[in-house]
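Secondary and tertiary structure notes
Each chain, written out:
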Amino acid sequence: MPLRPALVLALVLALAGCGGPSPEPPQRRATASPVFFDAKPHAWSGRAPWNYQVHGIDVSRWQGDIDWPLVRASGPAFAFIKATEGGDHTDPMFATNWAAARAAGMPRGAYHFFYFCRPATEQAAWFIRNVPKDPTALPPVLDMEWNHLSRSCKERPGPATVRAEMQVFLDTVHRHYGKRPLIYVTPDFYRDNDLGQLRGYPFWLRSVAGHPSEV
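Reading guide: rules and limits
- Residues numbered from 1 in each chain as written.
- Predicted model: local features only at pLDDT ≥ 70, side-chain atom pairs only at ≥ 80, totals over all residues.
- Heavy atoms only, no water.
- 1 Å grid on protein atoms, 1.4 Å probe; cavity = no way out; pocket = protein on both sides within 12 Å on 5 of 7 lines; lining within 4 Å.
- Points joined across faces, edges and corners; volume = space filled by probe spheres on them.
- Nonpolar A, V, L, I, M, F, W, Y, C, P; charged D, E, K, R; others polar.
- Disulfide = S-S within 2.5 Å.
- Helix = DSSP H or I, 4+ residues; strand = E, 2+ residues; numbered from the N terminus.
- Phe/Tyr/Trp six-rings, centres within 6.5 Å; stacked < 30°, edge-to-face > 60°.
- Buried < 20%, exposed > 50% of the residue type's maximum accessible area, 1.4 Å probe, protein only.
- Lys NZ or Arg CZ within 6 Å of the ring centre and 35° of its normal.

1. Notes on empty space enclosed by the protein
Enumeration according to the criterion identifies two cavities of 30 Å³ or more in this entry. Every residue lining the largest cavity is counted, 14 residues in all, and those nearest its centre are V131, A137, L138, P140 and Y177. Here the residues of the lining of the largest cavity sort into ten nonpolar, one polar and three charged.

2. Points about the state of the cysteines
For the structure on display, the rule yields one disulfide. Between the sulfur of C117 and that of C153 lies a disulfide, 2.0 Å long from S to S. Handedness of the C117-C153 disulfide follows from its S-S torsion of about 90 degrees: it is right-handed. Residue C117 is found in the loop between β5 (108-113) and α3 (120-130), and its partner C153 is found in the loop between β6 (141-144) and α4 (159-177); the two are separated by 36 residues along the sequence.

3. Here we look at the packing of aromatic side chains
Under the criterion given, the structure shown has eleven aromatic pairs. Their ring planes at 65 degrees and their centres at 5.5 Å tell us that F114 and F116 sit as a pair that is edge-to-face. In this structure, F114 and F116 share a single accessibility class: buried. Note on W146 and F189: the rings are 4.7 Å apart at their centroids and 55 degrees apart in plane angle, and the pair reads as tilted. Pair noted here: W146 is in the loop between β6 and α4 and F189 is in helix α5 (residues 187-192), with a separation of 43 residues, a long-range link. When sorted by exposure, W146 lands in the same class as F189, which is buried. It is R61 that lies over the ring of W62; its NZ or CZ is 5.0 Å from the centre. Above the face of the Y201 ring, R180 is positioned so that its terminal group lies 5.1 Å from the ring centre.

Everything listed is a geometric property; what it means functionally is a separate question.
Written out as structure tokens, the structure is:
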């Protein structure tokens with residue numbers, strides 16, 4: 001099953017990912033940049049994602065079986081692969097994707113989806129337990145966003161608590177892998193929790209409905 005184009009991301013400056021739709025996407029070619037679109041297209045103002053030189057992808061179990069050699073040949077320069085969530089969930093496709101991406105020569109990193117009902121210490125330990133220490137890998141990613149659809153955790157702690165828990169996870173993972181993690185956030189999560197106080201970290205901004213500069 002090929003990768004869903006809607007999850008292709010553009011790397012903008014400090015990994016400000018901007019995947020999104022276009023009413024008139026460019027034609028797909030074997031060596032061209034990936035096509036950007038989803039089920040709710042909107043007009044892009046300014047510079048569209050496919051005009052950036054560097055593109056990457058974000059994958060998890062929901063992309064099914066991925067033909068990594070085909071992905072590598074089609075244009076993306078890197079991949080971030082979902083590894084873990086909370087303190088006891090591992091993406092069932094992580095081990096397969098992790099090994100297959102490397103075999104295809106695709107630079108890749110792993111990401112963790114934060115769960116607000118488990119301590120950051122447990123979550124960092126779980127990530128470390130499941131993600132091999134590979135010196136060739138990209139930095140690990142901490143995915144922070146409000147998960148209002150969760151059936152098991154409705155917690156929404158205050159900004160100070162959020163930042164403190166994030167710092168515990170970031171410090172622990174940094175020490176283990178020797179690489180400063182990236183922080184994946186939505187613009188509203190960044191604003192709500194004043195994440196500008198976390199100095200020295202690159203931020204990957206999720207913006208699927210418009211360019212990050214607009215939101």
